[in-house]
Each structure stands twice: as C-alpha cells, then as structure tokens.
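Descriptive analysis of the structure
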Amino acid sequence: MPVLAGFGEIFQKIFGEIWQGISAKLFSGMFFLAMIWQILAFFFPLNIWVEGVSLVIGFFAFFYFKTYKDFLKFSKTEIFKLCFLTLIITISGSYYPFILDHFGYYVPSINWLSEFGLTKGLANLNLIYAQMSVWHIFQSGFSNVSDVFLRINVVFLIAFFIYIFEKKTWSLLFISPVFLLFLQSPSPDLPAIVLSLIILNEIIKGNRNFKLLFAFSVFVFTIKPTMIWLPMFVFLYFFKRENLKFLWLGILVGLIYVFKNIWLFGYPFFPVQIGNLGVSWLPNSEILKYSSEVAIAKTYDLQYSISEIQKFTFWDYIFNWFTLHSYKKYIHILFVLSLIFFGFFTVKKKDKLTTILFFSILFKSILVLLFSAQYRFFIDVFFVVFLIVFNDRVKEKLALFNFNFGALIILFLMSFPQILQSKVSSFKLGYYMQGFVKTQFYKPAYFELNSYKTYKIGNLDFNVPNYGLCFDTPQPALSLDAVKKYFEAGIFPQKITENLKDGFSWKKLSKDEKEKLKIIISSLEKKR
C-alpha cells in the first residue's frame, strides 16, 4: 500500500487529483502502475527487476512526499473499525482459490507475463490469453516478491474500504460482503465492479473532473470490457464541446488497450472478429468458431449442445434461459426485473444522470444478451441499481451490521463448503472450495501439483499437466482439452522464431504430425 500511495503521489503531480484523500492516491497508484507495466510488458517480462525498481520508486515517493501522514487523518474510532474490517478481508483472502478461471486463465496469464511479457500472436498458443486483462498485468508486476500468492484483490478491497470511510458512503459497505468471494484470486470482476461504483458515486456527489473520471472509466473497460457502459455513461454525462479537449488521457488508455489486443489477438477487441488489419498472426478461424460456440453454450450453463441451441426458436432462446436447471435462472429473472425497475425509477426520477445511466446500462445489457448472456457478465447491474436507489439512505450502523453478518455467513460457507455442495448442487464453484486449513494463519492457501509431461509438435515444445488446467505448469503450457481442440481443427501453434518471446502463429498439421498428436492425446487420456 505504501508503494501504491507513492505512485499515486507521482500521478497526482502529473495529472492532478481525481478526488481528495488517501484512497485517491491508492487508486491513482494502481492506475499509474498498471499503465506503466502494460507498456513495459511489450518490451520486457514483468520480472523481479521490474518489480524491484517499482518498489524502490514507490517507497521513496511515499516517504519523500510524506504520504504516511494521510493515514493518520482518521479518528481512533475509524482506525479501529478499518483495522477490524481489514482483518475480515485478510482472513477471507487466505482461503484456497475456487474460481475456475483462476486455474485456466488468471494464473497462466500472470505466469506468462512474469516470464515473457506481452508476446505477439499469443492467442495462437492459447486463445484465452487474448483476453488478458490489464488487472493481470498489474498483478503480475507484484507477483515476484511482494505478492507471490496473487492476493492483490485483498489490497484493493482494503483501499475501497478506506474510500468508504473517507466519503461516508455506507451504501457501498452494505453491499460489500459479496466482494469477499473475489479475494482468493486476482479476479478482474472485483476491481471492475468496485471502480465503476466509485466513479458513479463520485459523479453523484458532484465530482466534475471529467479528464480523470473518463480516463479511469476507460481503465475499468480495459480491466473488463463488459463494463462498456461506464465510459459511455461518463462521456455522455459530461458531453460538451469544451470538454472534448479533456478526452486525450482516456483515449490514450484505450489506444494502448487496442494495440495490446492487436498484438496478442490480431483484432482490436477480443473476442469480436471485427477490424481485420491483415496481420500474419491472426488465430485460426476454426478455433475462433469453437470459442464462440462455447460462449453461446455457457449462456445456457452447458445444459444444451450447440446443435440443440441452433434449433431454438426466438421464444426457445428466452424460455430456456429463464428455466435452466440451476440457481442461475433466478439470477436471470432478477436481472430482468432489476432492469424493469430501473426503467420505472428513471421515468419517475426524470433527471439527466439517471436517464443517461439507464440507457448506458441498457445498451451494455443488450450487447451481453446478444453475445453471451452469462450472469457474471451483468452482475454489476445489481450493484449499480442498488447504489443509484439507496445511495444516501443507508446509515453507518446498518452498513456495519450487514457487512459483518454477511461476512460471517460467507466465511462459514467457505470453511464448510460441504453445506453448499449438498444444499445447492448446481453451484459448481462450491465443489472447488476446500474449507479452512491451519496454515492459513501464516500463509494463504494455494494449490501446488506441478505434474506434467513435455511433448513436441513442429518447432514447439509444450507442457501438458496430468490434470485439467495449467495453473502451475511451466510455459508454454497446453491443457489436454486445448490439445484435443487443435487436433480436431487440424492445426497446431508454432513459434515464429526459435525464441518464444518473438511470438506465435499456427500451421496445418501434416499427416505424420496428426498421427503423433493422436498418440499423445491417447497417452494423456490413459493417465486420467
């Protein structure tokens, strides 16, 4: 946190304050470091040298600008409350990771960044890398020394609570228990949702710093593109000809993001295949088709095959989405009811802010419903509706009670996941929860299997874990499912040169290579 506050001081000297307080310095430091590391990652791996230099600069700025004095501005009562809440956050963050993306996406992405940086055509090795969030770049920069267990979200949520106490926005604390479920992994959902709520709250409270509010909103979009509603809302709300000159910082953030996507994926916006620039490292069309089919299947919780979904009528699409054999159908119903309620609330409110916000949220919701209507892509809508309706109506005592009560329930369920597994069998994440272990008192719980086999196809030596996902397999790593996918498509990733850092393309498998790959798949399946 001193390093983040130090970089926040440097950021504010260059670009100004987005709001006053230590929380502004912490979030500005996150923004500044994430952007610096994103640029550096095109040229260098985010290794111990990058982290070491960053730590020295951050600590130096923290003491040079005497930022430590800002932490002492809270009253003794507030410090006690913050320390108690920090303890809850830290305990919550010490449990085993259980979000499935942690093992197949978050950790492999961070490991690649730490070892190689942003590599051209990386999507050809594994398409999942193409959606690499700037939050994973940020986590990677701290993953060598200061946060080897990848718990950056713990620090982020503590900064968020500092913001809540500075701004006395207790409605944000009221809804925070659910955020404890995002602390065991470097999930981009947490910073994306929380930062969007902070920016929205700042605008509600009268913050008119359009340049930084827009830049931060674009930053949130680069963390998770399904937050497209936020930069759209900020832009439309402040739209005036004289304000256009303040767009440059946000546009710069967006351009870096677009270039990163082109560098990794070949197209400007993952996973949309629009804007073909004719680069030589475009992913294979069959792999892209398979990816889009998986996204559609996940809309229905993998309960229908692609062939079945393709036969749906328009009403089948709607009816089946609302009648899934899963708790998710209730989230879908609540989502639609929330939008309807928000629409009526907007009509009754009749003010500029609420109207623009509603249409921005509606636009985002339509896009999600069209591409892949998974509940995790629109969960932010619930928080936005709550904040806009109850912003000033929640008192501190009620917020503290609700958070502590909610935290108690969540910690209990994470400690005894068998309850979730037996009572809510459709909650698949419950099966990845491991409960409480004694070592959590001094070290966050994490998985370490490190069991894999090495193979070679063409010029690529690759490692395949003896279990499902590549979270602790040395790079370049491919899961068995990925190997099967390439076999079915008749292609395989290849290095552009002998150096992994120079990037990847793909090539068609020869008859001998396909036979060799078939043998590899057969041997791996026997070990399962």
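What comes next is a walk through the structure. Here the structure is a predicted model, which means the values were calculated and not measured.

**Some thoughts on helix H16 (residues 328-349)**
Relative to the 32 Å expected for 22 residues at 1.5 Å per residue, H16 spans 31 Å between its end C-alpha atoms, a close match to the ideal helical length. Within H16, burial applies to Lys-328, Ile-331, His-332, Phe-335, Ser-338, Leu-339, Phe-342, Gly-343, Phe-345 and Thr-346. What you see down the axis of H16 is that its buried residues fit within an arc of 165 degrees, all on one side. Facing away from the buried side of H16 by over 90 degrees, the exposed positions are Tyr-330, Leu-337, Phe-344, Val-347 and Lys-348. Along its buried surface, H16 packs onto helix H13 (285-299), helix H15 (314-322), helix H17 (352-371) and helix H18 (380-390). The positive-phi residue at the C-terminal boundary of H16 is Lys-350, with phi of around 60 degrees.

**Quick notes on the packing of aromatic side chains**
For the structure on display, the rule yields 71 aromatic pairs. Considering the side-chain rings of Phe-265 and Phe-270, the 5.0 Å spacing of their centres and the 75 degrees angle between planes classify their relative orientation as edge-to-face. Just as Phe-265 is buried, Phe-270 falls in that class too. Relative to Phe-378, the ring of Trp-321 lies with its centre 6.1 Å away and its plane at 70 degrees, an arrangement referred to as edge-to-face. With Trp-321 in helix H15 and Phe-378 in the loop between H17 and H18, this pair connects stretches of sequence that are 57 residues apart. Under the relative-accessibility criterion, Trp-321 is labelled buried at 6%. Taken together, the aromatic side chains of Phe-7, Phe-11, Phe-15, Phe-31, Phe-32, Phe-216, Phe-219 and Trp-248 make up a single cluster linked through ring pairs. Here Lys-352 stacks its cationic end above the ring of Tyr-237, 5.0 Å away from the centre of that ring. A cation over a ring is seen here: Lys-485 above Tyr-486, with NZ or CZ 5.9 Å from the ring centre.

**Observations concerning helix H7 (residues 152-167)**
For H7, built from 16 residues, the straight-helix expectation of 22 Å at 1.5 Å per residue is met to within 8% by its first-to-last C-alpha distance of 23 Å. Of all 16 residues that make up H7, 13 are buried, and the element is covered over most of its length. Remark: Lys-168 follows H7 within two positions and exhibits a positive phi of approximately 55 degrees.

**Here's the deal with a nonpolar patch on the surface**
Taken together, Tyr-330, Ile-333, Leu-337, Ile-340 and Phe-344 make up a surface patch of nonpolar side chains, about 540 Å² in accessible area. Mapped onto the elements, Ile-333 comes out in helix H16.

**Notes on unusual backbone geometry**
Excluding glycine, residues mostly carry a negative phi; peptide bonds, for their part, are mostly trans. A cis amide bond, omega 0 degrees, links Phe-270 with the succeeding residue Pro-271. Within the element layout of this structure, Pro-271 appears in the loop between helix H12 (248-265) and H13. Cis geometry is found at the peptide bond from Gln-475 to Pro-476, where omega equals -5 degrees. Phi is positive for Asp-301, close to 55 degrees, though the residue is something other than glycine. Looking at the element boundaries, Asp-301 is found in the loop between H13 and helix H14 (306-310). The class of Asp-301 is buried, set by a relative accessible area of 8%.

**Focus: empty space enclosed by the protein**
Under the definition given, this model contains 2 cavities of 30 Å³ or more. Space inside the largest cavity adds up to approximately 40 Å³. Around the largest cavity, the lining residues are Ala-123, Asn-124, Pro-283, Asn-284, Ile-287, Tyr-486, Ile-491 and Trp-506. Taken together, the residues of the lining of the largest cavity break down into 6 nonpolar, 2 polar and no charged. Reported here for the second largest cavity is a volume of approximately 40 Å³. What lines the second largest cavity is simply Asp-189, Ile-193, Lys-224, Thr-226, Met-227, Arg-376, Phe-377, Ile-379 and Asp-380. Each residue belonging to the lining of the second largest cavity can be placed in one class, and the counts come to 4 nonpolar, 1 polar and 4 charged.

**Here we look at the packing of helix H9 (residues 189-204) against helix H10 (residues 210-223)**
When two helices pack together, you describe them by how their axes are tilted relative to each other and by the distance separating the axes. The contact between H9 and H10 brings their axes to 9 Å, and the two run at 160 degrees. Here H9 lies roughly antiparallel to H10, going by the angle between them. In this structure, H9 meets H10 at a crossing whose hand is left-handed. Together, Pro-191, Ala-192, Leu-195, Ser-196, Ile-199, Glu-202 and Ile-203 of H9 and Leu-213, Phe-216, Ser-217, Phe-219, Val-220 and Ile-223 of H10 make up the contact between the two elements. Among the residues forming the contact of H9 with H10, the class breakdown is 10 nonpolar, 2 polar and 1 charged.

**Looking at the pattern of salt bridges**
For the structure on display, the rule yields 14 salt bridges. Lys-168 is the salt-bridge partner of Glu-78, the closest N and O atoms lying 2.3 Å from each other. Highlighted residues: Glu-78 in helix H4 (residues 76-92) and Lys-168 in the loop between H7 and helix H8 (170-174), separated in sequence by 90 residues. Lys-205 serves as the salt-bridge partner of Asp-392, at 2.7 Å between the closest nitrogen and oxygen. Of this pair, Asp-392 sits in the loop between H18 and helix H19 (396-415) while Lys-205 sits in the loop between H9 and H10, placing them 187 residues apart in sequence. Residue Asp-392 is classed as exposed on the basis of its relative accessible area of 55%. Among the residues examined, Lys-205 registers a relative accessible area of 43% and is labelled partly exposed. Here the salt bridges do not stand alone but share partners, grouping Glu-9, Lys-25, Asp-70 and Lys-73 into one network.

What counts and what doesn't
Starting from 1, residues in each chain are numbered consecutively following that chain's sequence as written. In view of the model being predicted, local features appear only for residues whose pLDDT reaches at least 70, and side-chain atom pairs are presented and counted only at 80 or more, with totals across whole chains, interfaces and linings using the full set of residues. Each side-chain value is derived from all of the structure's non-hydrogen atoms; neither hydrogens nor water enter the calculation. Counting from the N terminus, the helices are DSSP H or I runs at least four residues long and the strands are E runs at least two residues long. Expected span of a helix, by definition, is 1.5 Å for each gap between consecutive residues, and there is one gap fewer than residues. Think of it in three bands: with a 1.4 Å probe and only protein chains considered, a residue is buried below 20% of the maximum accessible area for its type, exposed above 50%, and partly exposed in between. Picture the helix axis, draw a direction to every C-beta atom, and the arc is the one those directions span. Residue contacts follow a heavy-atom distance rule, with two residues in contact if any of their heavy atoms lie within 4.5 Å. In this analysis, rings of Phe, Tyr and Trp, with Trp reduced to its six-membered ring, are considered paired at centre separations within 6.5 Å, and the interplanar angle assigns stacked below 30 degrees, edge-to-face beyond 60, and tilted for intermediate values. As a reminder, the over-ring test applies to NZ of lysine and CZ of arginine, requiring each to be within 6 Å of the ring centre and within 35 degrees of the ring normal. For patches, a residue must show more than 30% relative accessible area and have no salt bridge; joins then use 9 Å for like charges and 5 Å for nonpolar side chains, namely Val, Leu, Ile, Met, Phe, Trp and Tyr. The accessible surface values rely on the Shrake-Rupley method and a 1.4 Å probe; as for residues, cover is taken only from the protein chains in view. By convention in these notes, a salt bridge is any Lys or Arg side-chain nitrogen within 4 Å of a carboxyl oxygen on Asp or Glu. A 1.4 Å probe that fits into a set of points on a 1 Å grid over the protein atoms alone but cannot get out defines a cavity; an open set with protein on both sides within 12 Å along at least five of seven lines defines a pocket, and lining residues are those with an atom within 4 Å of a point. Grid points are joined across faces, edges and corners, and a volume is the space filled by probe spheres set on the points. Lys, Arg, Asp and Glu make up the charged group, whereas Ala, Val, Leu, Ile, Met, Phe, Trp, Tyr, Cys and Pro make up the nonpolar group; the residues left over, Gly among them, are polar. The axes are straight lines fitted to the C-alpha atoms, using for helices just the contacting stretch, and the angles between their N-to-C directions are given from 0 to 180°. Angles are sorted into four bins: roughly parallel if under 35 degrees, roughly antiparallel if over 145, roughly perpendicular if 65 to 115, and oblique for all others. When the near helix sits turned anticlockwise from the far one by under a right angle, the crossing is termed left-handed; a clockwise turn instead gives a right-handed crossing.

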